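A look at the structure
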Amino acid sequence: MTYARPAQDARPGRPAISVIAHRGASEDAPEHTLAAYRKAIEDGADALECDVRLTADGHLVCVHDRRVNRTSNGRGSVSALELADLAMLDFGSWKGDGYANEAPDRQHEDPERTSVLTLERLLELVADADRRVELAIETKHPTRWAGQVEERLVELLARFGHTNPAMRTDWTPSVRVMSFSARSLHRVRAAAPEVPGVYLMQFLTPRHRDGRLPPGVGIAGPGIRILRSHPDYVAKAHRAGHRVHVWTVNDTADVELCQELGVDAVITNRPKQVRIQLGLG
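Residues numbered from 1 in each chain as written. Predicted model: local features only at pLDDT ≥ 70, side-chain atom pairs only at ≥ 80, totals over all residues. Heavy atoms only, no water.

On to the packing of aromatic side chains, then. One pass over the full model with this rule turns up 1 aromatic pair. A ring pair is formed by Phe-180 and Trp-247, whose centres lie 5.7 Å apart and whose planes are at 85°; its orientation type is edge-to-face. One end of the pair, Phe-180, is in the loop between strand S5 (175–179) and helix H6 (182–191); the other, Trp-247, is in the loop between strand S8 (243–246) and helix H9 (252–261), and 67 residues separate them in sequence. The exposure class of Phe-180 is partly exposed, given its relative accessible area of 38%. The positively charged end of Arg-144 is found above the aromatic ring belonging to Trp-145, 5.1 Å away from the centroid. (Phe/Tyr/Trp six-rings, centres within 6.5 Å; stacked < 30°, edge-to-face > 60°. Helix = DSSP H or I, 4+ residues; strand = E, 2+ residues; numbered from the N terminus. Buried < 20%, exposed > 50% of the residue type's maximum accessible area, 1.4 Å probe, protein only. Lys NZ or Arg CZ within 6 Å of the ring centre and 35° of its normal.)

Quick look at the structure:
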């Protein structure tokens, strides 16, 4: 299939497209597990993407769905469970053969492939990496905890030194917050103005078709379907002064489309393969 593409230059001199690992290297390892993120770093990903939800006892954990049913052997909403409850579940065996709806014999498993991952542990992994690895954190909404998610998130980012440049002139943020909720991004910006925001879009509404974003947001996050239908959006967003990070880009044709349109970053389950296609590794 081919798509009508606008006439556009190759934007000479622009940095290489950043490759962001969607929930880690989630094609090769269970999504949102420590193993998936270690694999993504090994594969050369420029950044790691994660979704965060708040547990009943106030911990931010990396889980995409509102309920744990799909990616664990448990049931129930993340917001109604405590971290200790989540720690008893298997978040990885569904990825391989022989997944069972019973608690497995944990002593024979690799906990990095099966244990729930806290955002704190993921921040530690990034901090310990032997190179710069950025982090793109998506807040999930709606949620029963509303603004508490952003409050806890900013507290964690501050503890790891991601909210205060400490007057360093060479400081550039290595963490950004993404959301489909403009209100969530506003909360983060109000508490931590140094942390960039990414406004995620599943559909291109009339108010954003010209490249405009909510106030204070500098990065557009369109789904790949938007670029297939509106390939001129990237140029419009760039003219408005915004960067463009596209999700979720797995197919080779979609990678090619993003490259031709000059996007700034692609979010993918296949960071190694995408980097090879882009000539980055």
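What follows is about the confidence of the model for the protein chain. Per-chain confidence: the protein chain averages 91 in pLDDT, with 89% of residues scoring 70 or above. Below pLDDT 50 for its whole length, residues 1–11 participates in 15 contacts with residues either more than four positions away or in separate chains. Across residues 97–108 the pLDDT falls below 50, and counting only partners more than four positions away or on other chains, this stretch makes 17 contacts in the model. (pLDDT = per-residue confidence, 0-100. Contact = heavy atoms within 4.5 Å.)

So, on to unusual backbone geometry. In this chain, His-141 is followed by Pro-142 through a cis amide linkage whose omega measures 0°. Structurally, Pro-142 is set in the loop between strand S4 (134–139) and helix H5 (148–159). If you check the backbone angles, Arg-23 has positive phi at about 60° while not being a glycine. Checked against the element boundaries, Arg-23 lands in the loop between strand S1 (18–22) and helix H1 (34–42). Given the relative accessible area of 13%, Arg-23 is considered buried. Although it is not a glycine, Ala-146 adopts a positive phi angle of roughly 40°. For Ala-146, a relative accessible area of 32% gives the class partly exposed.

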